[in-house]
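Overview (structure and organization)
Residues per chain are reported as follows:
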Amino acid sequence: MAMKSGKKKHKLSAGDAVYTGFNYLLCFFAACITAYPLIYVFSMSISAPEAVVANTVILLPKGFSLQAYEIVFKNPEIWRSYYNTIWYTIVGTLFSTVLTLMAAYPLSRKQFFLRRQLSFFFSVTMFLAGSLIPMYILINRLGLYNTRWAIILPVGAAPYYIIVARTFLSSIPDSLYESAKIDGATEFTILRKIFIPLSKPVIAVLVIYYAVQQWNGYFTSMIYLPGRKDLQPLQVYLMKILINNESMGSQSLSSASQSMISLQLKYVVIVVALIPILCVYPFLQKYFIKGMMIGAVKE
């Protein structure tokens, strides 16, 4: 007689069912709280200007208008700021990721005689960071003031991310390292051909953190690029509109129309600044969770 095969369903107890239901409910509320500002800002950006001024938009758009988007995209300053932000994000993320991996690799090798001393040094800098004034003087003395590199070089490699990358690289079996050394491979070759291909999860973590940091950065630009508006990123431009209430209205509009649409322009610029970084995250998500779980366990 043929035996019936099948997985036996595990029945939850009353307490487990209540606990699971509570977790689902909590996650649902957290998702709603997280999604509401994004939906609200997007709805305000495409609603009719009259509804935005009257503040009648609660969640979904009231009416439909892309006039504010048209004004934003016709403004050359926002495209210049967009280019600067993309440049800082790509170059800064690449520079910081490479620097972090190059610092983490020797710290992950037990054969490195300064491993413990340098690890302690990096850990101390997490709690005793330099203040703004010495950094400002240093940037001036190095001739980086009012240049693009004043945004890239000071952030460099964050000590916390070096520790995360070091912990991940330490989990790679030593047998791979020893085999490569026997075959005559140099340290740089081992890092490039063995460790980096195996480190996609932690590289994804570094890329997304450094990219978000560069994309959202505005304070360093305010300090080091005050006289170069042509080098300032999108976030500085957004701050001018939101806080300083600078106008970017079209000359073809009447004064009444400009005052009506000026409030909506702020929401449009926020949407324009958010979309690229939101589009990048889903492609790195599969590596992001794994890399954080492995890199979060410190020695």
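The structure contained in this document is the topic of the report that follows. (Residues numbered from 1 in each chain as written. Predicted model: local features only at pLDDT ≥ 70, side-chain atom pairs only at ≥ 80, totals over all residues. Heavy atoms only, no water.)

**Some thoughts on the pattern of salt bridges**
Selection criterion: By definition, a salt bridge exists where a carboxyl oxygen of Asp or Glu is found within 4 Å of a side-chain nitrogen of Lys or Arg. Only protein chains enter the accessibility calculation, which uses a 1.4 Å probe. A residue is then buried if its area is under 20% of the maximum for its type, exposed if over 50%, and partly exposed in between.
In total, this model carries four salt bridges according to the counting rule given. Residue Glu187 is joined to Lys181 by a salt bridge in which the shortest nitrogen-to-oxygen separation is 3.4 Å. Judged by its relative accessible area of 33%, Glu187 falls in the partly exposed class. Residue classification places Lys181 among the partly exposed positions, given a relative accessible area of 37%. Across the pair Arg228 and Asp230 runs a salt bridge, and its minimum N-O distance is 3.0 Å. On the basis of relative accessibility, which here comes to 31%, the residue Arg228 falls in the partly exposed class. Accessibility expressed as a relative area gives 33% for Asp230, which makes it partly exposed.

**Some remarks on empty space enclosed by the protein**
Leftover empty space is mapped by rolling, across the atoms, a probe with the size of a water molecule. Using the following cut-off: We place a 1 Å grid over just the protein atoms. Points where a 1.4 Å probe fits but has no way out form a cavity, open points with protein on both sides within 12 Å along at least 5 of 7 lines form a pocket, and any residue with an atom within 4 Å of a point lines it. Grid points are joined across faces, edges and corners, and a volume is the space filled by probe spheres set on the points. By the criteria applied, helices consist of DSSP H or I runs no shorter than four residues and strands consist of E runs no shorter than two, each listed in order from the N terminus. In the scheme used here, Gly and all other residues not listed as nonpolar or charged are polar, with Ala, Val, Leu, Ile, Met, Phe, Trp, Tyr, Cys and Pro taken as nonpolar and Asp, Glu, Lys and Arg as charged.
Applying the stated criterion across every chain yields a total of one cavity of 30 Å³ or more. Size it by volume and the largest cavity reaches roughly 30 Å³. Every residue lining the largest cavity is listed: Glu77, Ser81, Lys229, Gln232, Pro233, Tyr237 and Lys240. Elements with a minimum of two residues in the lining of the largest cavity: helix H4 (76-108) and helix H13 (234-242). Per-class residue counts for the lining of the largest cavity are two nonpolar, two polar and three charged.

**Some remarks on the environment of Tyr161**
With respect to the helices and strands, the residue Tyr161 is situated in helix H8 (residues 159-170). Tyr161 gets classed as buried once you look at its relative accessible area, which sits at 14%. As for Tyr161 and Leu101, which are separated by 60 residues in sequence, their C-alpha atoms are 9.2 Å apart.

**Some thoughts on unusual backbone geometry**
The backbone of Asn55 shows a phi angle near 60°, a positive value even though the residue is not glycine. The residue Asn55 is located in the loop between helix H2 (49-54) and helix H3 (67-73) in this model. For Asn55, a relative accessible area of 52% puts it in the exposed group.

**Comments concerning helix H11 (residues 200-216)**
Which entries qualify depends on this criterion: What a helix is expected to span follows from its residue count: subtract one and scale by 1.5 Å.
Between its first and last C-alpha, H11 extends 24 Å over 17 residues, near the 24 Å set by a 1.5 Å rise per residue. Looking only at H11, the buried set comprises Pro201, Val202, Ile203, Ala204, Val205, Leu206, Ile208, Tyr210, Ala211, Gln214 and Trp215.

**A few points about H13**
With eight of nine residues buried, H13 is to be regarded as a mostly interior element. Residues Leu234, Gln235, Val236, Tyr237, Leu238, Met239, Lys240 and Ile241 constitute the buried set of H13.

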